[in-house]
Structure formats: structure tokens, C-alpha cells
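Residue strings, one per chain:
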Amino acid sequence: MTVKTRSRGAGKRSGWSMDWQGRSGAHYRLFAEGLDSFAMTPDDLYVIAKGSHVLWVGSADDLVADPSSRVRFRLALDCATQVYRLDAPVNHHAASWDLEEAMPTSLATLPAQAA
């Protein structure tokens, strides 16, 4: 099963992505972001991880609306090694729940699609 996302084109993609499998078995293509330079957008979902262990999943809206999410976000950034982006999931809450216990299905990187 593949999770539907609204694509915004290749211009936003960082250069490589990974396939992650959520707790439901759904697959997600997560795009790598720079840990020290990523900027959150309102529609996208972000996964902050240490290796293959997910530390935090959420969006910019989660940080604004939920004080406990802000605390978990800050703690996750303190020990994170990677940040990934999921382009605008159709069902934000379901994708967030599913990714909380996600694991990479492959350590191989996929080339970014050309525009």
C-alpha cells in the first residue's frame, strides 16, 4: 500500500530519498533535509530521526498548536542525526501516527526525479 501525497514537483526535493514502512505496512517516500538548515512548511510532515529510530513526527502546525509537541521536537533535535520530509500527505494525522514507529525498508538512496 502506498500513501497518497500531493506532489509539488522536483524543485523542492533535496537530492535523495528513502522508502520507509509505517506501522500499518504502508510505504512512504521520505526526502532527506539538512538537519542544520531545514525549514518547515505548513503542508508537509517531518520525521526527525536518530539513525533508523524515529524521535518525532509532525508539522509546523503541530509546533504552533501543541506545546507538548514543541517540547518533544526540541528534545529530538538535540540528538537527531537526520530529518526527512513527506510531501503534503492527504491524511496528515494518519500518516503522522503511522510514521511514529516507521522503519527504513532499504538503506539504498534513490536519485531525485528530474523536473
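You'll find the structure just up there.
Residues numbered from 1 in each chain as written. Predicted model: local features only at pLDDT ≥ 70, side-chain atom pairs only at ≥ 80, totals over all residues. Heavy atoms only, no water.

S.K.: Hey, could you go over the packing of aromatic side chains for me, with residue numbers and the actual values?
M.R.: Tallied over the full model, the rule gives four aromatic pairs. Between W56 and F73, the ring centres sit 4.9 Å apart and the planes meet at 70°, which makes this aromatic pair edge-to-face. In this pair, W56 sits in strand β4 (residues 53–58) while F73 sits in helix α2 (residues 67–79), placing the two residues 17 residues apart along the sequence. Of the two residues examined, W56 and F73, each falls in the buried class. Grouping aromatic residues by their ring pairs yields a cluster made of W16, W20 and Y84. We note R23 situated over the ring of W97; from NZ or CZ to the ring centre the distance is 4.2 Å. (Phe/Tyr/Trp six-rings, centres within 6.5 Å; stacked < 30°, edge-to-face > 60°. Helix = DSSP H or I, 4+ residues; strand = E, 2+ residues; numbered from the N terminus. Buried < 20%, exposed > 50% of the residue type's maximum accessible area, 1.4 Å probe, protein only. Lys NZ or Arg CZ within 6 Å of the ring centre and 35° of its normal.)

S.K.: Pulling in residues and values, what's your account of the pattern of salt bridges?
M.R.: Evaluated as defined, the whole model comprises five salt bridges. Between R23 and E100 there is a salt bridge, with its nearest N and O atoms 3.4 Å apart. You can see R23 sitting in the loop between β1 (16–21) and β2 (27–33) and its partner E100 sitting in the loop between α3 (92–99) and β6 (103–104), a full 77 residues away along the chain. Classification of R23 as partly exposed rests on a relative accessible area of 31%. Note that E33 is salt-bridged to R85, the shortest N-O span being 1.9 Å. A residue pair is termed long-range when its members are at least 10 positions apart, and E33 in strand β2 and R85 in strand β5 (residues 82–86) qualify at 52 residues. Exposure remark for E33: the relative accessible area of 19% places this residue in the buried category. You can call R85 buried: its relative accessible area is 1%. It is possible to trace a salt-bridge network through shared partners that takes in E33, D44, R85 and D87. (Salt bridge = Lys/Arg side-chain N within 4 Å of Asp/Glu carboxyl O.)

S.K.: Give a detailed account of α2, specifying residues and quantitative values.
M.R.: Residues S69, F73 and A76 constitute the buried set of α2. Burial along α2 is one-sided: seen end-on, the buried residues are contained in an arc of 70°. With respect to the buried face of α2, the exposed residues turned more than 90 degrees away are R74, L75 and D78. Where α2 is buried, its residues touch β3 (45–50), β4 and α1 (60–65). (Arc of directions from axis to C-beta. Contact = heavy atoms within 4.5 Å.)

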